[in-house]
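A structural walkthrough
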Amino acid sequence: MHPDTTGSWTPVALSADLPAGTVIPARIPAGSIALWRSESGRPAASANRCPHRGMSLSHGFVRGEALSCIYHGWSYAQAGNCLRIPAHPGLTPPQAIRVKTYPVEETGGVIWVAMGEPSANPPKFEGFVALRSLMAEAGIAAIEAAAGAKASPAGLVEPAESTGTICLLLSAQEDRQTLLHVLLKGEAGTAARIAASRAAESLRRKAEDLQKKGIAQ
Amino acid sequence: MKLYDYILSPSCYKVRLMAALTGVKLELRPVDFHPGAEHRGPELLALNPAGSIPILEDGDLLLTESSAILVYLAAHAAPEWLASNKPEEAARVQQWLSFSGRLTASLGCARLHEMLLRPGDIGALQAQGIAALRELEAGLVEQAERGMRFLAADRPTVADIACFPYVALAPDGGVSLDPYPAIRLWSRAVRALDAFIEMPGIHRLHELKPEPHIELGKA
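What you see is a predicted model; the values in this text were computed from it and never measured.

Brief notes about the pairing of strand S14 (residues 166-172) of chain A
Residue and element names in this part refer to chain A. Counting buried positions over the seven residues of S14 gives six, a clear majority of the element. Where strand S13 (residues 156-157) lies against S14, two bridges are found, and the strand directions are antiparallel. In the sheet register, Leu156 faces S14, and the bridge partner there is Leu169. The turn linking S14 back onto strand S15 (residues 178-185) is made up of five residues, and Asp175 within it adopts a positive phi angle of 55°.

As structure tokens, this is what we get:
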């Protein structure tokens, strides 16, 4: 979104999609990350590559407060240091074995990850509740065109009243893909939330059509 | 019950998984699907002229459609895996059982193309697979909003087992599962079921068992 993203926050996932004791893949401008939540509920983000053999750590698993690689079981603390190498049970792993980690903040049901040292907290969208995330094969411009509104500097699109009530928090990905986090203004019942999810699908279809037709580049 | 089985077939795995989850003992008869193409040989064509596996034989009952086999196993041993008499639930089970055929035709064919070099338009197959995954994702999002973790109810049914294998193996056909958070949670819920079994490419949740420890000096 911005040419210089050092120190800025990226909305990578919704809190509800990362239960305690799980790891998922996510993306920030620096590349692919493993986003995980320990059993005690603390989120963490690391480079998505085990220093041992390069396996994606997002394929791994979380036990207690550690993330383990699926390949040979090397496990890492939230600070990134290697805690255990199962093939060498008597060895205390040297401090040099570590994965790069990134700052993580959770606000309003959205998980944000920063590169470098962020100078401010991630944006807060008061009065919004998170619904779901979906990936669109469309760039920011096509999504703005489909929504009939521009994204704010924080990446929030509030569509024109005529196009619906859902708001979209955008995160540009590689290859002109965009991750859409669907936010609703205020609490809504089951029927309204299901309708909003369907509205988001329609908006994505419209944005992808515009992208294909090359109307929005 | 005798299952004509191939270890790498997701459709055969549906039957093995359902049998494991419902406690049915199967007699496995391995089929040399690749490279022998035994499913197209005279012995198996006599059982199933369509030349596909799985085939389930139980007395004079011969079943060749995996969804029908799942229903048979459930009705036989664990009817709670079938739909209840609620109209929406009964319809959702049928909806996703039918939908599972589209997963086979898209993600399944993409996987055969990538793994066994079967002919096909890989771009079109992957696009159909992605369209199907998006439908599944939307369906699961809506179920979660209704307070249900599985496709047709808040408990697993034959519909979940019919859809799970080809979805879990989508990456074999070059289709990423990264963009689908609801599918990821559902896949975890299926793999967390008691008596869940693996197949090559679909692993259990390691974190459900305590960390193994090697005693020093014995290695």
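Quick notes on the domain arrangement of chain A
All names here are of chain A. Here chain A is described as being made up of domain 1 (9-114) and domain 2 (128-213). A straight line from the C-alpha centre of domain 1 to that of domain 2 covers 28 Å. On the side of domain 2, nine residues touch domain 1, which itself brings ten residues to the contact. The greatest single-element share of the side of domain 1 that touches domain 2, amounting to four residues, is contributed by strand S1 (residues 9-14). Split into classes, the residues belonging to the side of domain 1 that touches domain 2 amount to five nonpolar, three polar and two charged.

A look at unusual backbone geometry
All names here are of chain B. With an omega of 5°, the peptide bond running from His34 to Pro35 counts as cis. Note on placement: Pro35 falls in the loop between strand S2 (27-30) and helix H2 (42-47). Cis peptide bonds are those with omega within 30 degrees of zero, and the linkage from Ile53 to Pro54 qualifies with 10°. With respect to the helices and strands, Pro54 occurs in the loop between H2 and strand S3 (55-58). Located in the positive-phi region is Ala37, a residue other than glycine, with phi close to 50°. Here Ala37 is to be found in the loop between S2 and H2. For Ala37, a count of 12 C-beta atoms within 10 Å translates into the label exposed.

Remarks on the interface of chain B and chain A
Taken residue by residue, the interface counts 16 residues in chain B and 18 residues in chain A. Top element by residues in the side of chain B that touches chain A is helix H5 (residues 122-145) of chain B. It accounts for four residues. Within the side of chain B that touches chain A, the residues separate by chemical class into seven nonpolar, two polar and seven charged.

Thoughts on the sheet that holds strand S9 (residues 101-102) of chain A
All names here are of chain A. Spatially, the four strands line up as an open sheet ordered S2-S3-S4-S9, and their pairing is antiparallel. The open sheet has two edge strands with one neighbour each: strand S2 (22-28) and S9. Pairing between strand S3 (residues 31-37) and strand S4 (residues 43-47): five bridges, direction antiparallel. Of the residues in S4, the one forming a bridge with Arg37 is Pro43.

Rules of the game
Each residue is numbered by its place in its chain's sequence as written, counting from 1. Working convention: letters from A go to chains and numbers from 1 go to ligands, in the order in which they are written. Reporting of local features is limited, given that this is a predicted model, to residues whose pLDDT is at least 70; pairs of side-chain atoms are given and counted only at 80 or more, and all residues count toward the totals for whole chains, interfaces and linings. Buried residues are those with 20 or more other C-beta atoms within 10 Å of their own C-beta, exposed residues have 12 or fewer, and partly exposed residues lie in between; C-beta atoms are placed from the backbone. Helix and strand labels come from DSSP, where a helix needs a run of H or I of at least four residues and a strand needs a run of E of at least two; each type is numbered from the N terminus. Strand pairing is defined by DSSP finding a minimum of two bridges between the two strands. Segmentation of the chain into domains, including their bounds, is taken from an automatic or database domain assignment. Our contact criterion uses C-beta atoms placed from the backbone: two residues qualify when those atoms are within 7 Å. Each residue is assigned to one of three groups, with Ala, Val, Leu, Ile, Met, Phe, Trp, Tyr, Cys and Pro labelled nonpolar, Asp, Glu, Lys and Arg labelled charged, and all others, Gly among them, labelled polar.

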